[in-house]
Amino acid sequence: WSHPMDDVFRELIQLIKSVRRLDPPEASVMEAVQSHLQSTHDRATAALEGWSGPYMAEDGEYFCNFQQGVSTWHNPVQEWQTELAVRQQVLHRCLLQGFAKASNGISSSDAGSEKSDVLPALPLHL
């Protein structure tokens, strides 16, 4: 058994290690985080191409991808939103939290709430 987000965490660990190894200035770290999140957002947008819904059924709402010939009870947007949120939280905590505390005097409990919405919402066209 492996955790459903095992590959995500492995990818994040590699990114964090490579950024920390370079010991770059804050601007470069922020750029690396934003670039990674944008790349993931672009993959999500491509993966959501063709999905539509929700459609009503006797058992609840479902979503379809007619191009792939599949349907699901689970909103495909929610999976990607969860993945993007996890990626953003992990990267901010591991790479940016120290910068926020040092430059703004923010306590570690407040630093997590200082995240900005760096990416637009994922589209799900009906």
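Before reading further, recall that the structure is shown in the block above.
The present account deals with the structure reproduced in this document. (Residues numbered from 1 in each chain as written. Predicted model: local features only at pLDDT ≥ 70, side-chain atom pairs only at ≥ 80, totals over all residues. Heavy atoms only, no water.)

A few words now on helix 1 (residues 6–22). Because the α-helix completes a turn every 3.6 residues, residues three or four places apart line up on one side. For helix 1, spanning 17 residues, the distance from its first C-alpha to its last is 25 Å, which sits close to the expected 24 Å at 1.5 Å a residue. Within helix 1, burial applies to Val8, Leu12, Leu15, Ile16 and Val19. Buried residues of helix 1, seen end-on, are gathered within an arc of 100° and therefore sit on one face of the element. Facing away from the buried side of helix 1 by more than 90 degrees, the exposed set consists of Asp7, Arg10, Gln14 and Arg21. (Helix = DSSP H or I, 4+ residues; strand = E, 2+ residues; numbered from the N terminus. Expected span 1.5 Å × (residues − 1). Buried < 20%, exposed > 50% of the residue type's maximum accessible area, 1.4 Å probe, protein only. Arc of directions from axis to C-beta.)

Across the sheet, which stays open at both edges, the 3 strands sit in the order 1-2-3 with antiparallel pairing between neighbours. Of all strands in the sheet, those bounded by a partner on one side alone are strand 1 (51–57) and strand 3 (70–72). Neighbouring strand axes in the sheet, compared pairwise and without regard to direction, differ in orientation by 30° on average. Where strand 1 meets strand 2 (residues 60–65), 5 bridges bridge the pair, whose relative direction is antiparallel. Paired with Tyr55 across the bridge in strand 2 is Tyr62. (Pairing = 2+ DSSP bridges. Axes fitted to C-alpha atoms, helices over the stretch in contact; angles between N-to-C directions.)

For the rest of this paragraph, the subject is the packing of helix 1 against helix 2 (residues 26–47). Running from N to C, helix 1 and helix 2 cross one another at 155°; their axes reach a closest spacing of 11 Å. Of the possible angle classes, the one that applies to helix 1 and helix 2 is roughly antiparallel. Where helix 1 crosses over helix 2, the handedness of that crossing is right-handed. Contacts from Glu11, Leu12, Leu15 and Val19 in helix 1 reach Val29, Ala32, His36 and Arg43 in helix 2. (Parallel < 35°, antiparallel > 145°, perpendicular 65-115°, else oblique. Left-handed = near helix turned anticlockwise from the far one by under 90°. Contact = heavy atoms within 4.5 Å.)

Counting 13 residues, the largest nonpolar core has Val19, Val29, Val33, Leu91, Leu95 and Leu96 as the members making the most contacts within it. Put simply, the parts of the chain that give this core at least two residues each are helix 1, helix 2 and helix 3 (76–104). For this core, the element with the most residues is helix 1, which contributes 5 residues. Setting aside its immediate chain neighbours within four residues, Leu91 contacts Leu12, Leu15, Ile16, Val33, His36, Leu37 and Leu96. Judged by nonpolar contacts, the second largest core, of 6 residues, contains Ala44, Phe63, Val77 and Trp80. (Core = buried A, V, L, I, M, F, W, Y, C linked by side-chain atoms within 4.5 Å.)

Let us look at the pairing of strand 2. Working note: regular strand, side chains alternate between the two faces of the sheet. Hairpin connection between strand 1 and strand 2: a loop of 2 residues separates the two successive antiparallel strands. Pairing of strand 2 with strand 3, which is carried by 3 bridges, proceeds in the antiparallel orientation. Directly across from Phe63, in strand 3, lies its bridge partner Thr72.

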